[in-house]
Amino acid sequence: MKKVLIFQGLLLAVVFHTSAQKINSALNVMATQHLSEKIYIHYDKEYYVAGETIWFKAYLYSDGKPSAMSTNFYLQFTNSKGQVIFNQQYPASGAVAKGNINIPDSLAQGNYYIRAYTAGMLNYDESFIYKKNIFVFKESTTSTSGSTEAQNVSLHFFPESGNLVDGILTVIGFKATDQWGTPVDIKGIIRTEDGITIAPFQSYHDGIGKVQFKPQAGKKYIADVETASGKRTYPLPIVLPSGINIKIQDEKGGKKFQLSRSGKDKAQFDNILLIAEINNHIVYENEIAFEKYPSVIGHLVTDSLPSGILHFTIFNQDGIPLAERLSFVDNAEYKGAADIDIIKVNTEKRTENKFELNFPLAIQRSCSVSVIDMSGTGLNNHDNIWSRFLLTSDLKGNVYNPAWYFVNQNDSINHALDNLMLTHGWSRFNWTKILAKEFPEKKFSDEPLLSVTGRVMDEKSKEPLLNGKLNIFMEAEDSSSQNYEVMVDAAGTFKIDSLFFYGKGKFFYVYTDNKGKPKPALVSMNDNSLISSVKTIPVNMLENSTAINITAFAGSDVKKRGDYVKSRFNQIKELEKVTIRAKSTKNPFDEVNEKYTSGVFRSPGKVNLDNINEPANDKSLNVVDYIRNSIQQIAINGNRLVNRRNFSVNSGQNWTVGVFLNEAPVDLSLLRTLRVEDVSLIKFFDAGFVGVGSGSPGGAVAVYTKEKLREDEKPNELNLFEYNGYSITKQFYNPKYSTADSKSTIPDNRTTLYWNPDLYTDTETKSLKLNFFNNDFSTKFKIVVEGFDAAGKLIHLEKIIGN
């Protein structure tokens, strides 16, 4: 008998080992082959008036670091029915994108939504897509408060582990909201269907709380609640006759967990596997035998884990998930150290204010800052870069005022945060699907900046023209222009990628065959499945989305904002385009740097090779050889660049250096086709550069090609096709009342006093000095700074100044 038991034990160990390997393998596939991006958007303020401009900066994040996975960022502005008002596309560089949305002054008052994503995010569930509710007021709409619409309370119960199980003392989370998704504080009792009171309950924070009792199979449980609309009853989930439960409690330095099983069918749960994962990495794995006990208790040390959602799952010996529980780990290691130092405060009309951002470490970082008037009433539903990347991007359903959970670390907030974990599901993956190897299908992938594809046909016969080439002159709405020589393949198709221009581009073309003879041709654009997809809205887009309730809103600044919008419209006067050439006081390198670079790439490199002012001696040398000869810190290893001074402690290999051509990531082989004479500027950024992801820790080399200007006029008779480039971003209006602007008599009712999405530091910069001028009425300002650094530390600062 003893030998049989030993054999069964060994067999069970083999079964669990196989299940654990399968789980590990599935998570590894998700972590390496299906790495996903998260988006956070910093807006200049929280609500708007029709006619105003929404200023924003988007941050892309993946696996705890700034993400270099995408070069394109897509944004949609929709109404409350999910109908698209604007489709916009922006370049993503250095893991950020910036832009603005001009709200039409004709837009009706109401709730609107911003939906944002990268191409890769479209391969996943809609819950991966960034969504934000934006309320737009209409200055001419008189009623912004005092609605008499009756409150409609929705109450849902969420048993810890997912189910109520007979005879197991169970914690049940609950969440109460009104018809807008706004939290409703409630209290009531749990009773049986025949009227026996089981337990009282009351919400703890923002309509969320928990109650505990031991359910019995065969009984139905009901919640009686007093609401503003009278007494309401809500059913609780049914009680299962058998099952398993996991209870999680915070303790100093970790989590305490208790696993309990039902009396019925308990043999099915004699042996289980407990897995805890965070960011698709398993941090705890244990085979647990109940033996004769109804429950077991264990402890997990979490003080060395990365912060985020810790996902517990119980599996049976067949690898089938039985129960799940989310818990939150906050070790604060994600917080980037920074502070705001106020240098000068002046709340008088149109006076100057100064402040300084200080960082203890000199490292590559990208930030944005807004300064807004604080005299108006807020909507009290805030998000920030911490709450988005660590919390809401991994949860199903809407979380009200998520930034509150990061205001402080104390028992009260930790308790509320754990209640939140009870009431929201996990969105990142489905165990059943990934264990069955049903991984997300990769339908879409990011293209290198803008890409144009099409087919060339004979102008008369409409038959494809093969193996020739197109000579193209492109001019864009942003006044940029470029020449291209594009090969046409054996199927009559062509492709131009890595385009970069703003607004609508006109492409004038001439076709020549393989003997160089011009032929009349027509170009038809190919359907782009990615572009078609990003212009549509899925039918479930607004599921779990909430609207903003303004019935209690008493904002005093809506009229001021409306007046400001009108005053700005009155100032608009269309002028003829003129070209002004002023004598520059900048040094020659700064002029080249400013002309060709942008964003994080504009900061000084460790090595800067200016091929305009100091051209290379050998103009025929290819760019790769020129880099090798000119930048001693870089070596070539196969088809990649590496940093000679940095290497992996584990593998001993030198760190990879990212390669960029005109700020788009490219393969090194592409640079071998370029000659030095075609290059204007080469910059080398050392290890820690924020513009690259974790795949290139050794820094980056950025190569810029010269502007090619067409010397002759383009013929009017040329055929052309049009293609939309990136959305044009206008300049934020920032008056300088210390100069000529001080004479302006136009009322200044700005509520965004300062907006700057282009704050960057490098390995030599630890502080940034900023200034702004007051409007005509503000006496209190709110400064908000958001951003991240190359190491993935997230920066969030808020400071209120004035009275």
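Computed from a prediction, not measured in an experiment: that's the story for all the values here.

About the cut-offs
- Residues numbered from 1 in each chain as written.
- Predicted model: local features only at pLDDT ≥ 70, side-chain atom pairs only at ≥ 80, totals over all residues.
- Heavy atoms only, no water.
- Helix = DSSP H or I, 4+ residues; strand = E, 2+ residues; numbered from the N terminus.
- Rg over C-alpha atoms; globule rule 2.2 N^0.38 Å.
- Buried < 20%, exposed > 50% of the residue type's maximum accessible area, 1.4 Å probe, protein only.
- Contact = heavy atoms within 4.5 Å.
- Areas by Shrake-Rupley, 256 points an atom, 1.4 Å probe, with all protein chains shown as cover.
- Lys, Arg positive; Asp, Glu negative; His and termini not counted.
- Charge placed at Lys NZ, Arg CZ, Asp CG, Glu CD.
- pLDDT = per-residue confidence, 0-100.
- Pairing = 2+ DSSP bridges.
- Axes fitted to C-alpha atoms, helices over the stretch in contact; angles between N-to-C directions.
- Phe/Tyr/Trp six-rings, centres within 6.5 Å; stacked < 30°, edge-to-face > 60°.
- Lys NZ or Arg CZ within 6 Å of the ring centre and 35° of its normal.
- Polar contact = N/O pair within 3.5 Å; in protein donor to acceptor, adjacent residues only side chain to side chain.
- Salt bridge = Lys/Arg side-chain N within 4 Å of Asp/Glu carboxyl O.
- Core = buried A, V, L, I, M, F, W, Y, C linked by side-chain atoms within 4.5 Å.
- Arc of directions from axis to C-beta.

## Section: the overall build of the chain
What the chain contains, in helices and strands, is nine helices and 47 strands. The C-alpha radius of gyration of the chain comes to 30 Å, within 12% of the 28 Å expected for a compact globule of 803 residues. Projecting the C-alpha coordinates of the chain onto the three principal axes gives extents of approximately 90 × 75 × 60 Å. Within the chain, the fraction of its 803 residues that count as buried is 50%. Of the contacts made within the chain by residues no fewer than 6 positions apart, 70% connect residues no fewer than 24 positions apart. By element, 48% of the accessible surface of the chain is carried by carbon and sulfur atoms, the whole surface being about 38,100 Å². Each charge class in the chain can be summarised by its mean position, and for the 90 positive and 89 negative side chains these summaries are 1 Å apart.

## Observations concerning the confidence of the model for the chain
When pLDDT is averaged along the chain, the result is 86, and 90% of the positions lie at 70 or above. Residue range residues 1-12 is modelled with pLDDT below 50. Its contacts to residues more than four positions away, or to other chains, number two contacts. Here residues 572-582 is modelled with pLDDT under 50, and outside its nearest four sequence neighbours on either side it reaches one contact, counting other chains as well.

## Observations concerning the sheet that holds strand S27 (residues 352-358)
The strand order across the open sheet built from three strands is S26-S27-S45, with neighbouring strands paired in antiparallel fashion. What marks the edges here is a single partner per strand, and that holds for strand S26 (339-344) and strand S45 (767-773). When strand polarity is set aside, the average angle formed by the axes of neighbouring strands in this sheet is 25°. Sheet topology places S26 next to S27; five bridges connect them, and they run antiparallel. Bridging across to S27, Lys 344 finds its partner in Lys 354.

## Remarks on the packing of aromatic side chains
Under the counting rule described, the total for this entry stands at 39 aromatic pairs. Grouping aromatic residues by their ring pairs yields a cluster made of Tyr 40, Tyr 59, Tyr 61, Phe 389 and Phe 788. Directly above the aromatic system of Trp 386 lies the positively charged group of Lys 335, at a separation of 4.7 Å from the ring centroid. The side chain of Arg 365 reaches across the aromatic face of Phe 359, ending 4.1 Å from its centre.

## Considerations on helix H8 (residues 623-630)
Along H8, the positions that sit buried rather than exposed are Val 623, Val 624, Asp 625, Tyr 626 and Ile 627. Of the surrounding elements, those touching the buried residues of H8 are strand S36 (607-610), strand S37 (634-637), helix H9 (668-672), strand S41 (679-685) and strand S42 (700-705). Measuring from the backbone nitrogen of Val 624 back to the side-chain oxygen at the start of H8 gives 2.9 Å, which picks out Asn 622 as the cap.

## Brief notes about the sheet that holds strand S23 (residues 295-301)
Sheet strands associate in pairs through backbone hydrogen bonding, adopting either a parallel or an antiparallel arrangement. Pairing is antiparallel across the open sheet formed by three strands, whose spatial order is S19-S20-S23. A strand with exactly one partner marks an edge of an open sheet, and here the two such strands are strand S19 (244-251) and S23. Along the sheet, successive strands turn relative to each other by an average axial angle of 20°, direction set aside. In the sheet, S19 pairs with strand S20 (residues 254-261) via eight bridges, with the strands oriented antiparallel. Opposite Ile 248, over in S20, you have Phe 257 as the bridge partner.

## Quick notes on the pattern of salt bridges
Counted according to the given criterion, the structure contains 19 salt bridges. Two residues, Lys 504 and Glu 722, come together in a salt bridge whose shortest N-O distance is 3.9 Å. Of this pair, Lys 504 sits in strand S33 (residues 504-512) while Glu 722 sits in strand S43 (residues 719-724), and the two are 218 residues apart along the sequence. Residue classification places Glu 722 among the partly exposed positions, given a relative accessible area of 39%. Its salt-bridge partner being Arg 628, residue Asp 625 comes within 2.6 Å of it at the nearest N-O pair. Remark: Arg 628 and Asp 625 occur in helix H8; sequence separation between them is three residues, near one turn of the helix. Salt bridges here are not isolated pairs; linked through shared partners, they connect Glu 160, Lys 210, Arg 325 and Asp 418.

## Observations concerning the pairing of S27
Each regular strand displays side chains that alternate between the two surfaces of the sheet. Most of S27 sits inside the fold, with six of its seven residues counted as buried. When S27 meets S45, the two strands line up antiparallel, connected through seven bridges. Bridge pairing in S45 places Glu 356 opposite Lys 769.

## Comments concerning the nonpolar core
If you look at the biggest cluster of nonpolar residues, it comprises 58 residues, and the most contacted ones within it are Ile 41, Phe 73, Ile 114, Val 456, Leu 470, Phe 494 and Phe 507. Ignoring any residue separated from it by four or fewer positions in sequence, one finds Ile 41 in contact with Phe 56, Lys 57, Ala 58, Phe 73, Leu 75, Ile 114, Ala 116 and Tyr 130. Formed by 53 residues, the second largest nonpolar core is a distinct cluster that contains Leu 326, Leu 391, Trp 426 and Val 692.

## Observations concerning unusual backbone geometry
At Asp 265, a position not held by glycine, the phi torsion is positive, near 55°. In this structure, Asp 265 sits in the loop between S20 and strand S21 (271-278). On the accessibility criterion, Asp 265 (33% relative accessible area) is partly exposed. We note that Arg 350 has phi near 60°; this positive angle belongs to a residue other than glycine. As for its placement among the helices and strands, Arg 350 is situated in the loop between S26 and S27. Residue class for Arg 350 comes out buried when judged on its relative accessible area of 14%.

## Some details on helix H7 (residues 588-596)
Among all positions in H7, only Val 592, Asn 593 and Tyr 596 are buried. Looking straight down H7, one finds its buried side chains confined to an arc of 100°; they lie on one side. Next to the buried residues of H7 lie S36, S41 and S42.

## What to know about the environment of Ala 436
Mapped onto the secondary structure, Ala 436 falls in the loop between helix H4 (431-435) and strand S29 (450-458). Classification of Ala 436 by relative accessible area gives partly exposed; the value is 46%. Between the alpha carbons of Ala 436 and Lys 793 there is a distance of 35 Å; along the sequence they are 357 residues apart.

## As for the environment of Ser 480
Topologically, Ser 480 is positioned in the loop between strand S30 (469-476) and strand S31 (481-487). Overall, the relative accessible area of 24% leaves Ser 480 in the partly exposed class. Spatially, the C-alpha atom of Ser 480 lies 8.3 Å from that of Tyr 502, the residues being 22 residues apart in sequence. The contacts of Ser 480, once residues within four sequence positions are left out, are Met 474, Glu 475 and Phe 501. A polar side-chain atom of Ser 480 sits 2.6 Å from a polar atom in the side chain of Asp 478.

## Here's the deal with the side chain of Asp 610
Mapped onto the secondary structure, Asp 610 falls in strand S36. There is no salt bridge for the buried Asp 610, and the closest opposite charge comes from Lys 706, which lies 9.1 Å off by N-O distance. Among the polar contacts made by the side chain of Asp 610, one reaches the side chain of Asn 613 at a distance of 2.5 Å. Those residues within four positions of Asp 610 in sequence are excluded, and the remaining contacts are Pro 588, Phe 589, Val 592, Pro 615, Ser 680 and Leu 681.

## What to know about the side chain of Glu 352
Among the structural elements, Glu 352 can be located in strand S27. It turns out Glu 352 is buried and unbridged, and the closest side chain with the opposite charge, Lys 344, is 4.0 Å from it. At 2.7 Å, the side chain of Glu 352 and the side chain of Asn 771 are in polar contact. Glu 352 has contacts with Lys 344, Asn 346, Asn 771, Phe 772 and Phe 773, leaving out every residue within four places of it along the chain.

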